[in-house]
Number of protein chains: 2
Amino acid sequence: MHSLAEPVSKLIDAFSKLPGIGPKTASRLVYFLLRNDESIATTLAQALQELKANTLFCNICHNIADRNPCTICTNSQRDHSIICVVQEPLDVQAIERTRAFNGVYHVLHGAISPMEGKGPDDLKIAQLIKRLQQGNPAPDSGDASIPVKEILLATNPNLEGDATAMYIARLAKPLGVRVTRLAHGLPVGGDLEYADDITLGRALSGRSEL
Amino acid sequence: MHSLAEPVSKLIDAFSKLPGIGPKTASRLVYFLLRNDESIATTLAQALQELKANTLFCNICHNIADRNPCTICTNSQRDHSIICVVQEPLDVQAIERTRAFNGVYHVLHGAISPMEGKGPDDLKIAQLIKRLQQGNPAPDSGDASIPVKEILLATNPNLEGDATAMYIARLAKPLGVRVTRLAHGLPVGGDLEYADDITLGRALSGRSEL
């Protein structure tokens with residue numbers, strides 16, 4: 001096989017490092033960029049370079065942001081007495097899209113997973129407990145703080161996520177904070193026939209009055 | 001929904017411009033880059049910037065290359081008397097991967113398609129006819145040229161590709177060049193039951209002696 005032009009094979013390699021992009025998709029992307037206007041490639045290159053340079057982590061919620069504290073933590077329209085605890089920044093986006101939550105967030109950056117050698121100290125759990133003890137900084141005034149009434153544990157509904165939620169619940173309950181978890185049940189638009197046993201069991205035990 | 005950090009949403013937008021990448025895949029890519037080492041993003045950015053800057057088109061075969069003439073056109077190990085005519089640079093790669101072809105290439109950069117307003121003049125057809133008339137430049141010596149004995153039309157097996165092949169065949173035959181087309185038939189590993197009627201019909205009419 002003849003060697004590809006070097007800039008082409010270098011870009012194919014770089015694209016292949018991304019998740020879900022194999023060498024075939026990568027070469028299709030490269031030839032798309034070659035065929036099209038140069039601006040698409042340069043805009044992408046610029047955005048890539050600015051990504052890490054211009055983002056930081058919010059000191060309060062540990063979400064990715066362009067300022068510190070982030071726009072959610074400084075928004076006086078939101079309810080700072082309820083904290084939604086999630087594993088990843090992407091989860092914040094998912095919950096924001098529902099428009100069903102108006103509190104603030106806390107991003108753990110992972111879940112407790114002995115398999116991956118991740119313990120509670122590798123997550124932002126100590127920072128969360130500190131927020132529960134000291135209250136959230138009020139968005140308007142400088143020194144005042146708003147006591148946290150509830151934490152909603154929105155970690156993933158799997159082994160690691162459940163273990164992390166249990167661990168945090170055990171630490172938070174003695175502090176007098178209401179601890180809640182996302183409901184399990186049938187997905188909307190789903191089909192009873194295709195639901196797995198555990199989900200269906202949770203949907204039964206969590207049934208609600210109509 | 002709260003506004004994402006600006007560098008994040010900018011990169012999501014830039015990724016979404018690529019074919020086959022929607023906003024959800026794009027945001028997954030961005031958070032992958034944020035979670036991982038910065039070098040992945042910077043390598044990709046550099047490769048993107050070098051792509052157009054360091055590639056050019058070979059003056060003989062019009063393939064994308066890093067030098068002119070390209071490594072295939074200057075390779076004295078290859079048979080310069082047979083030209084494989086393809087639509088896109090990606091097709092050259094596909095044929096090279098088979099290791100079943102040792103001639104040289106000619107990239108048309110498209111196919112005749114009245115629907116897209118693409119006529120023969122928008123393709124590199126005139127340049128191909130010139131190669132047939134004048135012969136391929138010999139890879140070793142300066143002025144000598146190797147007469148072209150055969151062109152293998154490897155345009156896509158669809159309406160546009162077939163029309164382009166027919167058009168080129170009509171121009172090439174009076175020049176005394178052997179004109180061939182890729183065989184149609186059942187894909188290897190395929191299932192007779194699932195083959196479409198036209199492919200099966202072509203496989204029947206193109207049957208070969210065992």
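The residue count restarts for each chain, going from 1 along the sequence in the order it is written. Chains and ligands are labelled by the order in which they are written, letters from A for the one and numbers from 1 for the other. Where local features are concerned, this predicted model is filtered to residues with pLDDT of at least 70; where side-chain atom pairs are given and counted, the filter is 80 or more; whole-chain, interface and lining totals use all residues. With hydrogens and water stripped out, all remaining heavy atoms of the structure feed into the side-chain values.

Asks: Would you mind showing me how to read the domain arrangement of chain A here?
Replies: Accessible area lost upon the coming together of the parts serves often as the stated size of an interface. An automatic or database domain assignment supplies the residue ranges for each domain. As assigned here, chain A comprises domain 1 (6–53) and domain 2 (57–209). When each unit is reduced to the centre of its C-alpha atoms, the spacing between domain 1 of chain A and domain 2 of chain A is 35 Å.

Asks: I keep staring at helix H2 (residues 23–35) of chain B and nothing clicks. Help me out?
Replies: Every α-helix winds through 3.6 residues per turn, so residues three or four apart in the chain are directed the same way. Each helix is a run of H or I in the DSSP string that is no shorter than four residues. Each strand is a run of E no shorter than two, and both are numbered from the N terminus. A helix's residues, less one, multiplied by 1.5 Å, set its expected span. Along its 13 residues, H2(B) runs 18 Å from first to last C-alpha, staying within 8% of the 18 Å computed at 1.5 Å per residue. Note on exposure labels: buried denotes an accessible area under 20% of the residue type's maximum, exposed denotes more than 50%, and partly exposed covers the range between, all computed with a 1.4 Å probe on protein chains only. Of the residues making up H2(B), those classed as buried are B:Ala26, B:Ser27, B:Leu29, B:Val30, B:Tyr31, B:Phe32, B:Leu33 and B:Leu34. Buried positions along H2(B) lie against helix H3 (38–53), strand E2 (64–65) and helix H4 (89–98) of chain A together with helix H1 (6–16) and helix H3 (38–53) of chain B. Residue contacts follow a heavy-atom distance rule, with two residues in contact if any of their heavy atoms lie within 4.5 Å.

Asks: What am I meant to see in the nonpolar core here?
Replies: A general feature of soluble globular proteins is that nonpolar side chains tend to end up buried together. Ranked by internal contacts, the top residues of the largest apolar core, which has 48 residues, are A:Phe15 and B:Phe15. Breaking this core down by element, the ones donating at least two residues are helix H1 (6–16), helix H2 (23–35) and H3 of chain A together with H1, H2 and H3 of chain B. Non-local contacts of B:Phe15, meaning those with residues more than four positions away in its chain, are made with A:Leu18, A:Leu44, A:Leu48, B:Ile21, B:Ala26, B:Leu29, B:Val30, B:Leu33 and B:Leu44. Nine residue types can take part in a nonpolar core, namely buried Ala, Val, Leu, Ile, Met, Phe, Trp, Tyr and Cys, and a core is a set of them joined through side-chain atoms within 4.5 Å.

Asks: What is the right way to read the pattern of salt bridges from this model?
Replies: Oppositely charged side chains can form a pair if their charged atoms are brought close together. We define a salt bridge as a contact between a side-chain nitrogen of Lys or Arg and a carboxyl oxygen of Asp or Glu at a distance within 4 Å. Counted by the stated rule, this structure contains 10 salt bridges over all chains. Its salt-bridge partner being B:Arg35, residue A:Glu88 comes within 3.5 Å of it at the nearest N-O pair. Here A:Glu88 is found in the loop between strand E3 (82–86) and H4, whereas its partner B:Arg35 is found in helix H2 on a different chain. A relative accessible area of 52% means that B:Arg35 is categorised as exposed. Between A:Glu150 and A:Arg178 there is a salt bridge, with the nearest N and O atoms lying 3.1 Å from each other. Of this pair, A:Glu150 sits in strand E7 (residues 150–153) while A:Arg178 sits in strand E8 (residues 178–181), and the two are 28 residues apart along the sequence.

Asks: Sorry, what's going on with the pairing of strand E4 (residues 104–107) of chain B here?
Replies: Remark: a regular strand shows side chains that alternate across the two faces of the sheet. Residues and elements named next belong to chain B. Going residue by residue along E4, you find Val104 and His106 tucked away on one face and Tyr105 and Val107 tucked away on the opposite face as well. We call two strands paired when DSSP finds no fewer than two bridges between them. Two strands pair when backbone bridges link them, and strand E3 (residues 82–86) and E4 are joined in this way by four bridges, in the parallel orientation. The partner of Ile83 across the bridge, within E4, is Val104. This β-α-β element, E3 to helix H4 (residues 89–98) to E4, shows right-handed connectivity. Orient the strands so they point away from the viewer; a crossover is then right-handed if the path from the first strand over the helix to the second runs clockwise.

Asks: Where do I start with the confidence of the model for chain A in this structure?
Replies: Interpretation of this model should avoid reading the predicted coordinates in detail wherever pLDDT is low. Residues and elements named next belong to chain A. For chain A, mean pLDDT is 88; residues scoring 70 or higher make up 98% of the total. A residue's pLDDT is simply how confident the predictor is in it, with values from 0 to 100. Ranking the elements of chain A by mean pLDDT puts helix H7 (residues 197–205) last with 83 and strand E4 (residues 104–107) first with 95. Predicted as a complex, the structure gets a pTM of 0.70 and an ipTM equal to 0.71.

Asks: Teacher, can you tell me more about the packing of H3(A) against H3(B) here?
Replies: Relative placement of two packed helices is described by the angle separating their axes and the distance separating the axes. Between N-to-C directions, angles span 0 to 180 degrees; the directions come from axes that are lines fitted to C-alpha atoms, helices contributing only their stretch in contact. One way to put it is that H3(A) packs onto H3(B) with a least axis distance of 9 Å and a crossing angle of 155 degrees. Between H3(A) and H3(B), the crossing angle belongs to the class labelled roughly antiparallel. Here the hand of the crossing between H3(A) and H3(B) comes out left-handed. In contact with A:Glu38, A:Ala41, A:Leu44, A:Ala45, A:Leu48, A:Gln49 and A:Lys52 of H3(A), H3(B) contributes B:Glu38, B:Ala41, B:Leu44, B:Ala45, B:Leu48, B:Gln49 and B:Lys52. Partitioning the contact of H3(A) with H3(B) into residue classes produces eight nonpolar, two polar and four charged. Relative orientations are named as follows: roughly parallel for angles under 35 degrees, roughly antiparallel for angles over 145 degrees, roughly perpendicular for angles from 65 to 115 degrees, and oblique for any other angle. The handedness criterion is simple: a crossing whose near helix is rotated anticlockwise from the far helix by less than a right angle is left-handed, and one whose near helix is rotated clockwise is right-handed. Note on residue categories: nonpolar means Ala, Val, Leu, Ile, Met, Phe, Trp, Tyr, Cys or Pro, charged means Asp, Glu, Lys or Arg, and polar means any other residue, Gly included.

Asks: Help me understand the packing of helix H5 (residues 125–134) of chain A against helix H6 (residues 159–172) of chain A in this model?
Replies: Residue and element names in this part refer to chain A. At a closest axis distance of 11 Å, the pairing of H5 and H6 adopts a crossing angle of 35 degrees. In this structure, the crossing between H5 and H6 has a hand that is right-handed. Contacts between H5 and H6 involve Ile125, Leu128, Ile129 and Leu132 from the former and Tyr167, Ile168, Leu171 and Ala172 from the latter. In the contact of H5 with H6, the residues fall into eight nonpolar, no polar and no charged.

Asks: Just to check I follow, could you spell out the interface of chain A and chain B for this structure?
Replies: Counting from both sides, the interface comprises 55 residues of chain A and, opposite them, 55 residues of chain B. Around 5,200 Å² of area is buried between chain A and chain B when both sides are counted, 74% of it from carbon and sulfur atoms. Counting across the chain A and chain B interface gives four salt bridges. For the purposes of these results, a polar contact is taken to be a pair of N or O atoms within 3.5 Å, where, inside protein, one atom must be able to donate a hydrogen and its partner to accept one; residues adjacent in sequence count only when each atom of the pair is a side-chain atom. Across the chain A-chain B interface, the total number found is 12 residue pairs in polar contact (both at pLDDT 80 or more). Two parts placed together each lose some accessible area under a 1.4 Å probe, and the buried area is that loss summed for both.

Asks: Would you mind going over the pairing of E3(A) with me for this structure?
Replies: The buried count for E3(A) comes to five of five residues, which makes it a mostly enclosed element. Across the two faces of E3(A) the burial is the same, with A:Ile82, A:Cys84 and A:Val86 and A:Ile83 and A:Val85 all buried.

Asks: Help me understand the relation of the copies chain A and chain B in this model?
Replies: Turning one copy of the chain about an axis and sliding it along that axis gives the other copy, so a rotation and a shift relate them. Least squares is the method used to superpose the copies, on C-alpha atoms of residues holding a pLDDT of at least 70 in both. Taken as rigid bodies, chain A and chain B are interconverted by a rotation of 180 degrees and an axial shift of 0.0 Å, the fit giving an RMSD of 0.1 Å. Read as a symmetry element, the transformation amounts to a two-fold axis. Closest approach to the rotation axis among the C-alpha atoms of chain A is made by A:Ala45, whose C-alpha sits 2.1 Å away. Both copies contact each other with a shared surface, as 100% of the interface residues of chain A are interface residues in chain B too.

Asks: I would appreciate a short explanation of the sheet that holds E3(B) in the present structure.
Replies: Strands belonging to one sheet form pairs held by backbone hydrogen bonds; the direction of such a pair is parallel or antiparallel. Residue and element names in this part refer to chain B. On the basis of which strands lie adjacent, the open sheet formed by four strands has the order E4-E3-E7-E8 and parallel pairing. Two strands in the sheet have a free side with no partner beyond their single neighbour: E4 and strand E8 (178–181). On average, each strand axis in the sheet is tilted by 25 degrees relative to the strand beside it, whichever way the strands run. As paired elements, E3 and strand E7 (residues 150–153) share four bridges and run parallel to each other. Across the sheet, Cys84 pairs through a bridge with Leu152, a residue of E7.

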